[in-house]
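Observations on the three-dimensional arrangement
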Amino acid sequence: FYKDNCVYPTCNGADVLVPFPESSSNYNDLLSWLDGVETYPAGTNKELRANGSTPIAGSLTAALNWLTSTGATTVGSLPGPKARDTKAVCRAYNVILITDGAENCDVRGNAGNQDRATGPAAAAAALYAQGIKTYVIGFAVNDATLNAAASAGQGMSCAAPYTSCPVDAILANN
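Keep in mind that what you see is a predicted model, and the values were worked out from it rather than measured. Per chain, residues are indexed from 1 in the order of the written sequence. Per-residue local features of the predicted model are confined to residues with pLDDT of at least 70, and side-chain atom pairs are confined, for both listing and counting, to 80 or more; whole-chain, interface and lining totals are unaffected and use all residues. By convention in this description, side-chain values take in all heavy atoms of the structure and omit both hydrogens and water.

1. A word on the overall build of the chain
Quick note on the threshold: Helix numbers and strand numbers start at the N terminus; a helix is a DSSP run of H or I with at least 4 residues, a strand a run of E with at least 2. Residue contacts follow a heavy-atom distance rule, with two residues in contact if any of their heavy atoms lie within 4.5 Å. Using the Shrake-Rupley algorithm and a 1.4 Å probe, accessible areas are obtained, with residue cover drawn only from the displayed protein chains.
Regarding its fold elements, the chain presents 6 helices and 3 strands. Reading the chain from its N terminus to its C terminus gives the helix and strand order α-α-α-β-α-β-α-β-α. Contacts in the chain between residues far apart in sequence, at least 24 positions, make up 55% of those at least 6 positions apart. Carbon and sulfur atoms make up 53% of the accessible area of the chain, which amounts to about 9700 Å² in all.

The structure is reproduced here in structure tokens:
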């Protein structure tokens, strides 16, 4: 997911960058966003980078809506992957949130820090209520709000560098 949209009530915070594969692996498509190679704007290879606001609760909510929707959403045009997965009951679904900052959007439309402090954890709890764990990787940020979101999502949080974030081992056990 990738979007700079932090104005209530349109705090979706997300777009699908790499869809779930229908039959083959999407590993190379995922890797292309994190491989340190960028040819954009002349080419099509883009990299994830910090840019703009950090709508964490909005992004997690958009992920929930997209993954579980039975119809089109503002994030994706097809029904969500979990909703169309005939084996969803025996397959693990996880959200991996990678961020360089803490929540900085008022996702409930009220000014104030309380929305920013509790929104990500509430969104992660809503994901977990649908059987989707939330893992949080913070680059250059170790924030209690991010840790609370991972805890509410029954996942784990860690601060980069990667050596302190064994995400591959964690997901291998899910």
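2. With respect to the pattern of salt bridges
Test applied: We define a salt bridge as a contact between a side-chain nitrogen of Lys or Arg and a carboxyl oxygen of Asp or Glu at a distance within 4 Å.
Per the counting criterion, the structure on display carries 1 salt bridge. In this structure, Arg91 engages Asp85 in a salt bridge whose closest nitrogen and oxygen atoms are separated by 2.6 Å.

3. Re the nonpolar core
Keep this limit in mind: Here, nonpolar core refers to any group of buried Ala, Val, Leu, Ile, Met, Phe, Trp, Tyr and Cys residues whose side-chain atoms link them within 4.5 Å. Only protein chains enter the area calculation, which uses a 1.4 Å probe; residues under 20% of their type maximum are buried, those over 50% are exposed, and those in between are partly exposed.
Counting 20 residues, the largest nonpolar core has Leu60, Leu67, Val95, Leu127 and Ile132 as its most contacted members. Among the secondary structure elements, those contributing two or more residues to this core are helix H2 (56–68), strand E1 (93–99), helix H4 (113–129), strand E2 (132–138) and helix H5 (144–152). Take this core: its biggest share by element is 7 residues, from H2. The residues touching Leu60, leaving out its near neighbours within four places in the chain, are Val95, Pro120, Ala123, Ala124, Leu127 and Thr134.

4. Quick notes on H5
For clarity, the threshold we go by: Arc definition: directions from the helix axis to the C-beta atoms. Counting of polar contacts relies on pairs of N or O atoms within 3.5 Å, with two restrictions inside protein: one atom must be capable of donating a hydrogen and the other of accepting it, and residues adjacent in sequence are counted only when both atoms are side-chain atoms.
Among the residues of H5, Thr145, Leu146, Ala149 and Ala150 are the ones counted as buried. Seen along its axis, H5 keeps its buried residues to an arc of 140°; they face one direction. For H5, the side-chain oxygen to backbone nitrogen distance between the N-cap and Thr145 is 2.8 Å, and the N-cap itself is Asp143. With its phi angle positive at about 60°, Gln154 sits one or two positions after the end of H5.

5. Thoughts on the pairing of E2
Definition in use: We treat two strands as partners when DSSP finds at least two bridges between them.
With respect to burial, E2 is a largely interior element, 6 of its 7 residues being buried. Pairing of E1 with E2 involves 7 bridges; the strand directions are parallel. Looking across to E2, one finds that Val95 is bridged to Thr134.

6. Things to note about H2
Stated formally: One less than the number of residues in a helix, times 1.5 Å, gives the span that helix is expected to have.
If you check H2, its first and last C-alpha atoms are 18 Å apart, about what 13 residues at 1.5 Å a residue would give, namely 18 Å. Counted residue by residue, H2 has 10 buried out of 13 residues, so it is predominantly covered. Among the residues of H2, those classed as buried are Ile56, Ala57, Gly58, Ser59, Leu60, Ala62, Ala63, Leu64, Trp66 and Leu67.

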